[in-house]
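Examination of the molecular architecture
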Amino acid sequence: MSILLFTFIILIGSYFAGLLGSLTGLGGGFIIIPLLTLLLHVDIHYAIGASLVSVIATSSGSAAAYVKEGITNIRLGMFLEIATTAGAMVGAIVAIYIPANYIAVIFGCILIFSAITSLRKKVEIATTQKSYLAEKLKLNSSYPTSAGTVQYSVSRVGGGFLMMIFAGVISGLLGIGSGALKVIAMDGIMRIPFKVSTTTSNFMIGVTAAASAVVYLQRGYIDPGLSMPVVIGVLLGALSGSKILVNSQSSGWLRWIFVVIITVLAVQMIYHGIAGKI
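A brief look at the structure comes next. (Residues numbered from 1 in each chain as written. Predicted model: local features only at pLDDT ≥ 70, side-chain atom pairs only at ≥ 80, totals over all residues. Heavy atoms only, no water.)

1. Quick word on the packing of helix α4 (residues 74-95) against helix α9 (residues 194-218)
Threshold: Here the axes come from fitting lines to C-alpha atoms, over the contacting stretch only for helices, and the angles between their N-to-C directions go from 0 to 180 degrees. Numbering goes from the N terminus for both helices and strands, where a helix is a DSSP run of H or I of at least four residues and a strand is a run of E of at least two. An angle counts as roughly parallel when it lies under 35 degrees, as roughly antiparallel when it exceeds 145, as roughly perpendicular when it falls between 65 and 115, and as oblique in every other case. In this scheme the handedness of a crossing depends on how the near helix is turned from the far one: anticlockwise by less than a right angle means left-handed, clockwise means right-handed. When checking whether two residues touch, look at their non-hydrogen atoms; a contact exists if any pair is within 4.5 Å. Just so you know the grouping, Ala, Val, Leu, Ile, Met, Phe, Trp, Tyr, Cys and Pro go in nonpolar, Asp, Glu, Lys and Arg go in charged, and all remaining residues, Gly too, go in polar.
Where α4 meets α9, the axes come as close as 8 Å, and the angle between the chain directions of the two elements is 30°. The angle between α4 and α9 falls in the class roughly parallel. Helix-helix and strand crossings are classified by hand; for α4 and α9 the assignment is right-handed. Every residue of α9 that contacts α4 at Ile74, Gly77, Met78, Leu80, Glu81, Thr84, Thr85, Ala88, Met89, Ala92, Ile93 and Ala95 is listed here: Thr200, Phe203, Met204, Val207, Thr208, Ala211, Ser212, Val215 and Tyr216. Of the residues in the contact of α4 with α9, the class split is 14 nonpolar, six polar and one charged.

Below you can see the structure in the form of structure tokens.
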């Protein structure tokens, strides 16, 4: 395969990875790593390095639009980034010493978990349950809708913080944004409206990935020739996705497409990992 064709495939694949990652709040790493390892036979550690860079690009591309629209809870995101960053550093250090096939199997399992959580019925609820910690940290906020501004409160701050530590470890270990775990923490545990949790996840994943990327950069696992087309493609896809999500009322059909794609990729990653082909 020529360098030009190799780069073109990465560019197109990265665009769709960024698009799906932005729309679902899960980050583009779920597509990037299988694309590089299964289709293009790139070593998984280099794939993770490129994926981390792409996650930063996804966050940068989509988060700006969401912040501008007033949907993202910036204060909550910055608070939870303390947990995800600490976890990401631990995960990235551990990943260096784990065999590639083990990482592939773990990655496949996380993909399946993400597919299942993506199918959960999402309800735009604005909880009024009071939380002392949320009030002290001023985490309660509001977001605009077509019917007007909706006020919401943040609950179970401690439980969400602990889940974010775990999300950070998975992010550093597998080179993904761990958006699924972040959305679960904010949507399921902290009872934040889904649109807010998705956009805040996009805001956070870049910082989490940046912490992990430092370790991979020091180890020489971030290749500029591989990362450049990934970043360009993902950034363009993320910008497209953010425009679609801001203007749409429902993205249910996109979730089904996403579930089908990552389920197939998960099976392939687990199979190749068990067979020792990665």
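Okay, back to it.
2. Thoughts on α4
Filter applied, for reference: To estimate the expected span of a helix, count its residues, drop one, and scale the result by 1.5 Å. The term bend refers to the angle at a residue between two fitted axes, each drawn through seven residues, those ending there and those starting there.
Taking 1.5 Å per residue as the helical rise, α4 with its 22 residues ought to reach 32 Å, and the 30 Å between its terminal C-alpha atoms agrees with that figure. The largest bend along α4 measures about 35° and falls at Glu81.

3. Points about the nonpolar core
To keep it simple, the criterion reads: The nonpolar core is taken to be a set of buried Ala, Val, Leu, Ile, Met, Phe, Trp, Tyr and Cys residues, with the residues joined through side-chain atoms within 4.5 Å. Per-residue accessibility, obtained with a 1.4 Å probe over protein chains only, is compared with the maximum for each type, and a residue is labelled buried under 20%, exposed over 50%, and partly exposed between these values.
Among the nonpolar cores identified, the biggest contains 52 residues, and Ile33, Leu36, Ile44, Leu174, Ile176 and Tyr216 are the most heavily contacted of them. Counting residues per element, this core draws most heavily on helix α3 (residues 44-69), which supplies eight residues. Here Ile176 is in contact with Gly29, Phe30, Ile33, Val55, Phe107, Ile110, Ile170 and Ser171, once residues within four sequence places are set aside. Listed in part, the 20 residues of the second largest apolar core include Ala83, Ala134, Leu139 and Val157.

4. Considerations on helix α2 (residues 29-39)
Burial analysis of α2 places 10 of its 11 residues in the buried class, the great majority of the element. Every buried residue belonging to α2 is among Gly29, Phe30, Ile31, Ile32, Ile33, Pro34, Leu35, Leu36, Thr37 and Leu38, and all of these are buried. Following α2 by one or two positions, His41 has its phi on the positive side, about 60°.

5. Some details on the packing of α4 against helix α7 (residues 157-174)
α7 packs onto α4 with a crossing angle of 30° between their chain directions and a minimal axis gap of 6 Å. On the basis of the axis angle, α4 is roughly parallel to α7. Along this stretch, α4 crosses α7, giving a crossing that reads as right-handed. Across the interface between the two elements, Phe79, Leu80, Ile82, Ala83, Thr84, Gly87, Ala88, Gly91, Ala92, Val94 and Ala95 of α4 pack against Val157, Gly160, Phe161, Met164, Ile165, Gly168, Val169, Gly172 and Leu173 of α7.

In short, shape yes, function no, at least from these values alone.
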